[in-house]
Amino acid sequence: MPAPALRHDVFQAIADPTRRRLLKLLANEEMPIAAITEHFPMSRTAVNKHLHVLSDAGLVRSRRAGRETRYRLRPEPLAEVREWLVFFEAYWDEKLSLLQAFVEKGEE
């Protein structure tokens, strides 16, 4: 059976600053939704909606532990973002080298 299609892409998921903060928070430990909510000035429902977007993009996984749902970062999909940025690194390296040469020439 093929894997279900993701409803959100990684770029869409990380576009929101709250979701980026959620990813940082979950980077080092698995956390229940109640503990996650304590770090944000919003309702549990709002945090849960953000977690669903991240989950749909494959960036977090959830598991039931008794009566609570615990979340953890899944960094693998972020490789797509890294690959996209690496593509443009050469462009910026070239532009910064040209700027450096321009500045150094002006200092002579």
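Above this text you will find the structure in question.
Bear in mind the structure is a predicted one, so any value in this text is a computation, not a measurement. (Residues numbered from 1 in each chain as written. Predicted model: local features only at pLDDT ≥ 70, side-chain atom pairs only at ≥ 80, totals over all residues. Heavy atoms only, no water.)

Undergrad: What's the story with the overall build of the protein chain in this structure? I'm lost.
TA: Within the protein chain, the secondary structure is distributed over five helices and three strands. Each helix and strand of the protein chain, placed in order from N terminus to C terminus, yields the pattern α-α-β-α-α-β-β-α. Computed over C-alpha atoms, the radius of gyration of the protein chain comes to 19 Å, more than 25% over the 13 Å expected from 2.2 N^0.38 for 108 residues, which places it beyond the range of a compact globule. Counting only C-alpha atoms and orienting by the principal axes, one finds that the protein chain spans roughly 70 × 40 × 20 Å. Sorting the 108 residues of the protein chain into buried and exposed places 31% on the buried side. A separation threshold of at least 6 residues defines the contact pool for the protein chain, and within that pool the share at least 24 residues apart is 54%. Carbon and sulfur atoms provide 56% of the accessible area of the protein chain, an area that totals close to 8000 Å². Treating the 17 positive side-chain charges of the protein chain as one cloud and the 16 negative ones as another, the clouds have centres 12 Å apart. (Helix = DSSP H or I, 4+ residues; strand = E, 2+ residues; numbered from the N terminus. Rg over C-alpha atoms; globule rule 2.2 N^0.38 Å. Buried < 20%, exposed > 50% of the residue type's maximum accessible area, 1.4 Å probe, protein only. Contact = heavy atoms within 4.5 Å. Areas by Shrake-Rupley, 256 points an atom, 1.4 Å probe, with all protein chains shown as cover. Lys, Arg positive; Asp, Glu negative; His and termini not counted. Charge placed at Lys NZ, Arg CZ, Asp CG, Glu CD.)

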